[in-house]
Amino acid sequence: MTALPATVAETATLLAAHGYIADRALATTVHLALSMRRPLFLEGEPGTGKTEIAKVLAAGLNRRLVRLQCYDGMDLAAAAYEWDHARQLMAIRLAEAAGHSDRDELARDIYARGFLLARPLLSAIDPDLPPAVLLIDELDRADEPFEAFLLELLADFQITVPEFGTVKARTPPVVVLTSNRTREVHDAIRRRCLYHWVDYPDAARERAILATKAPGVADRLSAQVVAFVQRLRAEDLFKLPGVAETIDWAGALSFLNQTELTPQAVDETLGLLLKYQDDIAKIRGAEAARLVADAQAAA
Amino acid sequence: MPGRRMTAEPGTVAANVMHFARVLRRAGLPVGPAEAIVAQQALALVDLGVRDEARAALRAAMIHRHEHGDVFDQAFALFWRDPAGGEQATAPPDAPTGKGRARATPASRRVAEGMGAPRDTVPHPHDEPPTTDAALTVSDRERLQRMDFEAMGTEEIAAAKQDIRRLTLPLTLRRTRRLRADPAGPVTDLRRTIRASLRQGGEILAIARNRRVSRPPPLVVLCDISGSMARYAQILLHFLHAVTNDRDRVHVFLFGTRLTNITRQLRLRDPEVAFQLVGQVVPDWSGGTRIGETLARFNRDWARRVLGQGALLLLITDGLDRPRDDGGSTQLAEAMDRLHRSCRRLIWLNPLLRWSGFEPRSQGIVAMLPHVDEFRPIHNLDSLRALVTLLSRPAPPRDGAGWSDRRAS
């Protein structure tokens, strides 16, 4: 495990060293989350690099990444821990066969740590394992009752198992929660976290991201790609392209041996940027040609 | 400006943070002592000489929602330039920008007039003796049920409102993926079974069982408040207020030329207070209507946030959109199509349907009709009751056909 960065600048350097170009506000928020040991709650449009922050922090701090992908109806057994019922039943039968009949002893035996199956949340705070970065991804996909499970964990980095006792982290994990806002996450969760809205990057930062994430793309093409995507985000679309789409698209154009944007190439590859037919129909053709001309003039 | 007050000794910073928290609170943001404490801890960890860093730190610590960001930034800019000036400038609640404030005042007055205050000869509801509806006889009540909202006088409206407040909305339950204990349930619960068995020295005597939890789906209401709908909207607002307070996961939006989310305002228990607040945030009461544009806006800004988890959508409008050009009705049809595909069930409530010979001729209605699951009248108490009955029955499966296609076949 590497020591936590001491200043905002060091945090930004740490993120950059692992391929994440953060703006100042994000670097500050990450720095605070690390120093104050508070969970980091990131909201933003899909494809703006929320999940990536957790991955980069795990790599940069040399910690293991524990990831919990949320879904509707997720319960404790899937998220935190589960008792190994088959082994418990076996242990009960064995105790009977051996003639042990002390109930308290039996209860102690079958509710030992060995019978507890750790799921991501428990694994992240397991004192016997090395420190972790816990990523709770797309929290908005889980339902409200699940959020309540999280409150104890986020406030004290501990989980109470009724039959067993409280498991508390030796080193508090770095916790990152993300949400795409398909549902509003409850205020009780928000209050325990540092909040940051991850916005689309400006042109300079997007070029820097592209240079890091798609190093094979020629400078001229990547400048035009960024200029085009930045203009596209000003259009009235149902789903704006994120940074992930920019990276994919630049890679695809480069793979097709394009050295600069042409209206035809844009029309053929628009499906990498826009994911709704209405949006594609709106941009394809004249609108794309206009944006390409603009982008070429600007880049 | 690297703030003369921010680089000062710790005591001054603490005092300023408390002061700033008060300014934010007065500007309508939910900032309490907990946020102020976190903010102070955060400021100790960043370089106060760098303005952006200080702002990012305070922002991360003090606000929890994206929509509060703009108010925060304005307050920050004003406060750290001149703490006293900031306090004055942000004093009026819920008015983030000077422009918005200037517009809100006449609008809120207009809505206040529109919503229960004297209009032509209508007396103020508070002036009336509370016995009004008790005086209605049985036959009066029957007449009331069938009477058009638009034809009602003050007394009848007051009585209708009373009636509406008593309506509950038992939506068909949907099964969730969560389990609860149920002795006759289909799923075994080994954890509870084993725990119980230990009381019998490890002998399993009874198997604990679970059943899936069912709960009503989220309800989203889009209500037209343009001139032609204003009368209905006023009365339906009472219904929406009662529904919003009766259950969780209800979202209510009003639209005319613009779209306003009034869910938070309607959550207040007291209808008078709630409606007064609604009046303050709705800028376009009894104005024109741009259904296509506002629906497109809803699709873009809200649909993904509120229409998840099998939501039921009520669209209340007469559909009398007057597209300014040919593109208008195409946009309307596209927006309706998207809306229809984003929710589990879309029910259009249209007061114009009260005329039995109603033929959908208006361009707007023709554009919208193929994209709804149900098309129903809403003009009197009977139709409102019929709606409640409809919503408490399971929805027929969608077969891809819109309402107009099904009726034709």
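Residues numbered from 1 in each chain as written. Chains lettered and ligands numbered in written order. Predicted model: local features only at pLDDT ≥ 70, side-chain atom pairs only at ≥ 80, totals over all residues.

Caption draft 1: Here's a closer look at the overall build of chain B. What chain B contains, in helices and strands, is 17 helices and nine strands. A burial count over chain B gives 33% of its 409 residues as buried. Considering only intrachain contacts with a sequence separation of at least 6, the fraction spanning at least 24 residues in chain B is 73%. (Helix = DSSP H or I, 4+ residues; strand = E, 2+ residues; numbered from the N terminus. Buried ≥ 20, exposed ≤ 12 C-beta atoms within 10 Å, placed from the backbone. Contact = placed C-beta atoms within 7 Å.)

Caption draft 2: Representation of the interface of chain B and chain A in the model. Between chain B and chain A, the contact holds 33 residues from the first and 40 residues from the second. Contributing elements (two or more residues each) for the side of chain B that touches chain A: helix H2 (33-44), helix H3 (51-62), strand E1 (174-181), helix H9 (190-199) and helix H13 (291-306) of chain B. In terms of residue count, H3(B) provides more of the side of chain B that touches chain A than any other element does, six residues in total. Looking at the side of chain B that touches chain A residue by residue, the classes come out as 12 nonpolar, 10 polar and 11 charged. (Nonpolar A, V, L, I, M, F, W, Y, C, P; charged D, E, K, R; others polar.)

Caption draft 3: Spatial organisation of helix H10 (residues 203-213) of chain A. All names here are of chain A. Turning to H10, its buried residues number three or more, namely Glu-206, Arg-207, Ile-209, Leu-210 and Lys-213. The buried residues of H10 occupy one face: seen down the axis, they fall within an arc of 160 degrees. Against helix H11 (219-232) and helix H12 (243-255) lie the buried residues of H10. (Arc of directions from axis to C-beta.)

Caption draft 4: Main features of the environment of B:Leu332. Its location among the elements puts B:Leu332 in helix H14 (residues 326-342). A C-alpha to C-alpha distance of 30 Å links B:Leu332 and B:Ala242, two positions 90 residues apart in sequence.

Caption draft 5: Structural view of the sheet that holds strand E3 (residues 209-215) of chain B. All names here are of chain B. Taking strand neighbours across the sheet as the criterion, the three strands line up as E1-E3-E2 in an open arrangement whose pairing is antiparallel. Since the sheet does not close on itself, it has two edges, and those belong to E1 and strand E2 (187-188), each with one partner. Inspection of the sheet shows E1 paired to E3 by five bridges, in the antiparallel sense. Within E3, the residue paired with Leu-179 across the bridge is Arg-212. (Pairing = 2+ DSSP bridges.)

Caption draft 6: Representation of the domain arrangement of chain A within the structure. Per the domain assignment, the segments making up chain A are domain 1 (8-72 + 119-198), domain 2 (81-118) and domain 3 (203-293). For domain 2 of chain A and domain 3 of chain A, the distance between their C-alpha centroids amounts to 59 Å. (Domains from an automatic or database assignment.)

Caption draft 7: Geometry of unusual backbone geometry. With a phi angle near 60 degrees, A:Asn62 is a residue other than glycine that sits in the positive phi range. With respect to the secondary-structure elements, A:Asn62 resides in the loop between helix H3 (50-60) and strand E2 (64-69). In this model, B:Gln309 sits at a positive phi of 55 degrees, which is unusual for a non-glycine residue. Mapping B:Gln309 onto the fold places it in the loop between H13 and strand E7 (312-316). Judged by the 17 C-beta atoms lying within 10 Å of it, B:Gln309 falls in the partly exposed class.

Caption draft 8: Spotlight on the nonpolar core. A:Val176, B:Leu24, B:Ala42 and B:Ala57 are the most contacted members of the largest nonpolar core, which totals 109 residues. Leaving out residues up to four positions away in the same chain, A:Val176 has contacts with A:Leu40, A:Leu42, A:Ile53, A:Ala54, A:Val133 and A:Leu135. Listed in part, the 63 residues of the second largest apolar core include B:Phe275, B:Val282, B:Ala303 and B:Leu349. (Core = buried A, V, L, I, M, F, W, Y, C linked by C-beta atoms within 7 Å.)

Caption draft 9: How the structure looks around the pairing of strand E8 (residues 345-349) of chain B. All names here are of chain B. Taken across its five residues, E8 has four buried, putting it largely inside the fold. Pairing geometry for E7 and E8, over five bridges, is parallel. Opposite Leu-315, over in E8, you have Trp-348 as the bridge partner. In this structure, E8 lies alongside strand E9 (residues 374-376), joined through three bridges in parallel fashion. The residue bridging Ile-347 from the neighbouring strand is Glu-374, located in E9.

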